[in-house]
Amino acid sequence: MIFNLFAPYAEDFPLFNLIRYTTFRAGAACLTALVLSLALGPTVINWLRGFQRGGQPIRADGPASHLVTKKGTPTMGGVLILLALVLATLLWADLRNGLVWAALFVTVGYGGLGFADDWLKVTKRNTKGVSARGKLVWQAGVGLAGAIWIVLLLPPAVATGLAFPVFKETLLPFGFLFPLVGMLVLMGASNAVNLTDGLDGLAIVPAMIAAAVFTLIAYLVGNRVFSEYLQLHSVPGANELAVFCAALIGAGLGFLWFNAPPAAVFMGDTGSLALGGALGAVAVATKHEIVLAIVGGLFVVETVSVIIQVFWFKRTGRRVFLMAPLHHHFEKKGWAEATIVIRFWIIAMVLALVGLSTLKIR
């Protein structure tokens, strides 16, 4: 909004020229989202406490410590993340850019599903929420629509191909089937972040780390000079997604202020499904779907641990892990919650560096 209002006057008022720079608006979006989340946090948390009557329902089959340490804490804190993210993006991004709207559509669409799921859990006082089939149908619908939207906005030369890191000239063509690939990326990213969200601060920091990497990626692929130098597939207009990603970082930082142990609020499915969808949308739009799997490797590992556990238990009646997702396995082994969270953060940072290294290999 600010860009669209003031950029036309940049020639007459030198101060407004700052608005033209993506880097300036990304920094402003991050700061704006942070301030908004910090300012709105107490009000949102009090509102959540007001109708949740005991906070988030705790799974009876989960770690026993959660029945004590997590009891009474309100969920649906993702509302705070979404408010700050959406408002900051609308304020600082170029609203003529279709990729920004596509990313917001996926983020809010998945956040809406998460909100419905959380709402059913806290009002019915159980851990079931929206049915598994209902979730998949909604995720597939939003994911397919978002993927088609993004494909229509991309240059034809790269729109329907899957790009590979390191092998930068390679594009695996999927043709008209690529929206299905994009849909799977969006659904996978959304569910992976959701599965990781089980301890205070565990999901939000890796999500911010991944967002930081994609802030840089979006800026680079949207800049013809940098994309040519690094031999990246150029995506005109993708630089505006750097503003979106920066806003996500700011919103995440503000949420972490209230989610730091002991958490005053949990993000719930409202936040985790939305964050995963946001990262997936940016990955598809910037043609870095595989890099997302590297940078978000922690989310991948958590998801794989659940798949392995379910598959092996159904096949043999025995468990590979003490409990899945993986962070619960380490809880069962006696690791302190803070130890698990910080070590997982370290892993996320290392994977982010690995993902970034693929940009420089020429």
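Look a little higher up for the structure.
Residues numbered from 1 in each chain as written. Predicted model: local features only at pLDDT ≥ 70, side-chain atom pairs only at ≥ 80, totals over all residues. Heavy atoms only, no water.

## Digging into the overall build of the chain
For the record, the criterion: Secondary structure elements are taken from DSSP: a helix is a run of H or I of four residues or more, a strand is a run of E of two residues or more, and numbering for both begins at the N terminus. Here the globule rule reads 2.2 Å times residues to the power 0.38, and the radius of gyration is calculated from C-alpha atoms. Note on classification: 1.4 Å probe, protein chains only; a residue is buried when its accessible area is under 20% of the maximum for its type, exposed when over 50%, partly exposed between these limits. Accessibility throughout is a Shrake-Rupley quantity obtained with a 1.4 Å probe, and a residue counts as covered only by protein chains that appear here. In this tally, Lys and Arg are treated as positive and Asp and Glu as negative; His is ignored, and so are the chain termini. Charge positions are represented by NZ for Lys, CZ for Arg, CG for Asp and CD for Glu.
Counting secondary structure elements, the chain contains 16 helices and two strands. Scaling as 2.2 N^0.38, a compact globule of 362 residues should have a C-alpha radius of gyration of about 21 Å, and the chain matches this with 20 Å. Viewed in the frame of its principal axes, the chain has a C-alpha envelope of about 60 × 45 × 35 Å. Buried positions account for 53% of the 362 residues belonging to the chain. Of the roughly 16,000 Å² of accessible surface on the chain, a fraction of 71% belongs to carbon and sulfur atoms. Positive and negative side-chain charges in the chain, numbering 26 and 16 respectively, have mean positions lying 10 Å apart.

## A few points about the layout of surface pockets
For clarity, the threshold we go by: Cavities and pockets were defined on a 1 Å grid built from protein atoms only: a cavity is a group of points that admits a 1.4 Å probe but offers it no way out, a pocket is an open group of points flanked by protein on both sides within 12 Å along at least five of seven lines, and a lining residue is one with an atom within 4 Å of any such point. Grid points are joined across faces, edges and corners, and a volume is the space filled by probe spheres set on the points. Polarity classes work like this: nonpolar for Ala, Val, Leu, Ile, Met, Phe, Trp, Tyr, Cys and Pro, charged for Asp, Glu, Lys and Arg, and polar for all others, with Gly in that last group.
In this model, the second largest pocket occupies a volume close to 290 Å³. For the second largest pocket, the lining is made up of 16 residues, of which V185, G188, A189, A293 and V300 are closest to its centre. Looking at the lining of the second largest pocket, the elements that each hand over two or more residues are helix 8 (178-196), helix 12 (268-285), helix 13 (289-295) and helix 14 (297-316). Ranked by residues supplied to the lining of the second largest pocket, first place goes to helix 8 with six residues. Residue composition of the lining of the second largest pocket, by class: 11 nonpolar, four polar and one charged.

## Some points on the packing of aromatic side chains
What counts, and what does not: Pairing of aromatic rings covers Phe, Tyr and Trp, the last counted by its six-membered ring, and requires centre-to-centre distances within 6.5 Å; plane angles under 30 degrees mean stacked, over 60 mean edge-to-face, and any other angle means tilted.
Using the criterion set out here, one finds eight aromatic pairs in the structure. With 5.1 Å between their ring centres and 35 degrees between their planes, F51 and W119 make a pair best called tilted. A residue pair is termed long-range when its members are at least 10 positions apart, and F51 in helix 2 (residues 22-52) and W119 in helix 5 (residues 98-124) qualify at 68 residues. Accessibility expressed as a relative area gives 19% for F51, which makes it buried. For W119, a relative accessible area of 37% gives the class partly exposed. Their ring planes at 20 degrees and their centres at 6.1 Å tell us that F115 and W119 sit as a pair that is stacked.

## Examining the side chain of Q139
Test applied: Two N or O atoms form a polar contact when they lie within 3.5 Å of each other; inside protein one atom must be a possible hydrogen donor and the other a possible acceptor, and for residues adjacent in sequence the pair counts only when both atoms belong to side chains. A contact between two residues is defined here by any heavy atoms of the two lying within 4.5 Å.
Residue placement: Q139 occurs in helix 6 (residues 132-153). Note on Q139: relative accessible area 1%, which makes it buried. Of note is the side chain of Q139, whose polar atom sits 3.0 Å from the side chain of N191. Setting aside its immediate chain neighbours within four residues, Q139 contacts Y110, L113, M187, S190, N191 and L273.

## Examining the environment of G161
Here G161 shows up in strand 1 (residues 161-163). With 16 residues separating them in the primary sequence, G161 and L177 have C-alpha atoms 9.7 Å apart. Other than its neighbours up to four places away in sequence, G161 contacts L171, L172, P173, F178 and K287.

## As for the side chain of T107
Turning to its location among the elements, T107 is positioned in helix 5. A distance of 2.7 Å separates a polar side-chain atom of T107 from the backbone oxygen of A103.

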